[in-house]
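Reading the structure
Residues per chain are reported as follows:
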Amino acid sequence: MSNGSGIAAKLARPNILELQPYRCARDDYSEGILLDANENAWGPPIDAQEILERYPDPYQIPLKEKMAAFRGEGVKPENIFVGVGSDEAIDLLFRIFCVPGKDKVITTPPTYGMYKVCAKVNDVEIVNVPLTPDFDIVVPDIIAAITPSVKMIFLCSPGNPTAKSLPLEDLEAVAQQAPNVLIIVDEAYVDFSQSSAICLLRKHPNVCVLQTLSKAFGMAAIRCGFCFGAPDVIQLLNNVKAPYNINQLTSKAALQALEEDSLKKLQSNIRGVLAERAVVAAALEQLEFVVKVYPSDANFLLFRVQQSAKAVYQYMADHCGVVSRYRGTELHCEECIRVTIGTPDDNKAFLDALQKAYQIVTQQQ
Ligand SMILES: Cc1ncc(COP(=O)(O)O)c(C=O)c1O
């Protein structure tokens, strides 16, 4: 695994490189009579199963070790940042690498909305290099859009809302041709697909990979995400994060999720979701008003209806209690709805609601 060869020093904001990270007495002494952190040793006012009165581990090494073993590819704990969801990593990357009002990032619409939100919060300009109508990246267009102020390129694979995995060759081509830009591959849905860009880390210190326990692991409530990357980039993420970002309950649940039995259950849940995805996709294909069902490498389907997608989406939510996501305002997604694959009962309810909603909405027009 690469040591990063200075990519962080080349790209990060000077104030971040100079930062002295927050230190606490617990960094040096974690056992004994702990009277260093102004906690309340009398404990919480609730009956709790867990020790709640102590600040949690700021480093999460056991969790990083388990995650490294799970993902393989020579990944070590120093290649992993643990965040409050992958959204925390996205936000920190903007804060570390982009000077507000000056630097830029490239995104490839249609894509995940948080890149735009974090860019706006940090006063960073977005340069859009659209996906093709079939949702592939155009490597030469991305490379042509790079200027000295472009610090990061966000590539979502499998994409949201596209559901499509980007070919590893395309991701590697971008990493190779843009050695002085950080390539962030967002793999929130990776466990539903075939390939991960983690294998690129060894050769390309400018690649970071984001993953999460919110999707295939089914643990969105605990807010736990990961950034894999070169140790110098990961060190900066650790320097900038809040000292105790991962809470005790999250870390315990995340460790449990990576145990052997849990990973078996994970695989069987994924198989279940994928089988249901095929059922829903086939049912959608049968509906005469569904114009296109996009192929999916994720736990959701993007599909296009003949007309009135927004009204159909609203009718399903307001009158059938089925909440999907209208995506018709996104590039190349006119009249599109995105639906997550739920339990078999959820999916049946969705398919019934969709037919009813389409019929009523289009009759009214
Ligand atoms: C592509 C993508 N990246 C990141 C996230 C955020 O995940 P987390 O729950 O880990 O913050 C999402 C959530 O929907 C997503 O779709």
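This section reports on the structure supplied with the text. (Residues numbered from 1 in each chain as written. Predicted model: local features only at pLDDT ≥ 70, side-chain atom pairs only at ≥ 80, totals over all residues. Heavy atoms only, no water.)

**Some thoughts on the packing of helix α4 (residues 85-97) against helix α8 (residues 231-240)**
Running from N to C, α4 and α8 point in directions that differ by 100°, and their axes come no closer than 10 Å. In terms of axis orientation, α4 runs roughly perpendicular to α8. For the pair α4 and α8, contact is made by Ala89, Leu92, Leu93, Arg95, Ile96 and Phe97 and by Val233, Leu236, Leu237 and Val240, respectively. Residue composition of the contact of α4 with α8, by class: 9 nonpolar, no polar and 1 charged. (Axes fitted to C-alpha atoms, helices over the stretch in contact; angles between N-to-C directions. Helix = DSSP H or I, 4+ residues; strand = E, 2+ residues; numbered from the N terminus. Parallel < 35°, antiparallel > 145°, perpendicular 65-115°, else oblique. Contact = heavy atoms within 4.5 Å. Nonpolar A, V, L, I, M, F, W, Y, C, P; charged D, E, K, R; others polar.)

**As for the site of the ligand**
What surrounds the ligand is a group of 13 residues, the closest being Ser86, Asp186, Thr212, Ser214 and Arg223. At 3.1 Å from an oxygen atom of the ligand is found a main-chain nitrogen or oxygen belonging to Asp87. In the model, an oxygen atom of the ligand is placed 2.7 Å from a nitrogen or oxygen of the Arg223 side chain. Notes on the ligand: free accessible area 400 Å², of which the protein chains cover 91%. For the shell around the ligand, the element with the highest residue contribution is α4, accounting for 3 residues. Of the residues in the shell around the ligand, the class split is 4 nonpolar, 5 polar and 4 charged. (Near = heavy atom within 4 Å. Polar contact = N/O pair within 3.5 Å; in protein donor to acceptor, adjacent residues only side chain to side chain. Areas by Shrake-Rupley, 256 points an atom, 1.4 Å probe, with all protein chains shown as cover.)

**Re the pattern of salt bridges**
One pass over the full model with this rule turns up 13 salt bridges. Asp103 is the salt-bridge partner of Lys151, the closest N and O atoms lying 3.1 Å from each other. You can see Lys151 sitting in strand β4 (residues 150-156) and its partner Asp103 sitting in the loop between α4 and β2 (104-107), a full 48 residues away along the chain. For the pair Lys151 and Asp103, one class covers both residues: buried. Salt bridges sharing partners connect three or more residues here, namely Arg23, Asp27 and Asp28. (Salt bridge = Lys/Arg side-chain N within 4 Å of Asp/Glu carboxyl O. Buried < 20%, exposed > 50% of the residue type's maximum accessible area, 1.4 Å probe, protein only.)

**Things to note about the sheet that holds β4**
Strands pair in a sheet through their backbones, by hydrogen bonds, and they do so in one of two ways: parallel or antiparallel. Overall, mixed pairing links the 7 strands, which are arranged β1-β7-β6-β5-β4-β2-β3 in an open sheet. The open sheet has two free edges, formed respectively by β1 (80-83) and β3 (125-128), since each of these has just one partner strand. Sheet twist, expressed as the average angle between the axes of neighbouring strands with direction ignored, equals 25°. With 4 bridges connecting them, β1 and strand β7 (residues 225-228) associate as antiparallel partners. Among the inter-strand pairings, Phe81 is bridged to a residue of β7, identified as Cys227. (Pairing = 2+ DSSP bridges.)

**Topic: the packing of α4 against helix α5 (residues 114-121)**
Contact geometry for α4 and α5: axes closest at 9 Å, N-to-C directions at 40°. When the interaxial angle is binned, α4 and α5 end up oblique. When you trace α4 past α5, the crossing you get is right-handed. Taking contact as the criterion, the partners of Asp87, Ile90, Asp91 and Phe94 in α4 are, on α5, Met114, Tyr115, Cys118 and Ala119. For the contact of α4 with α5, a count of residues per class yields 6 nonpolar, no polar and 2 charged. (Left-handed = near helix turned anticlockwise from the far one by under 90°.)

**Regarding the packing of aromatic side chains**
Throughout the structure, instances matching the rule amount to 11 aromatic pairs. Where Phe70 meets Phe217, the ring centres are 5.9 Å apart and the plane angle is 80°; that geometry is what we call edge-to-face. A residue pair is termed long-range when its members are at least 10 positions apart, and Phe70 in helix α3 (residues 61-71) and Phe217 in the loop between β6 (207-212) and β7 qualify at 147 residues. Classification of Phe70 by relative accessible area gives partly exposed; the value is 24%. (Phe/Tyr/Trp six-rings, centres within 6.5 Å; stacked < 30°, edge-to-face > 60°.)

Honestly, that's just the spatial picture; any functional story needs more than this.
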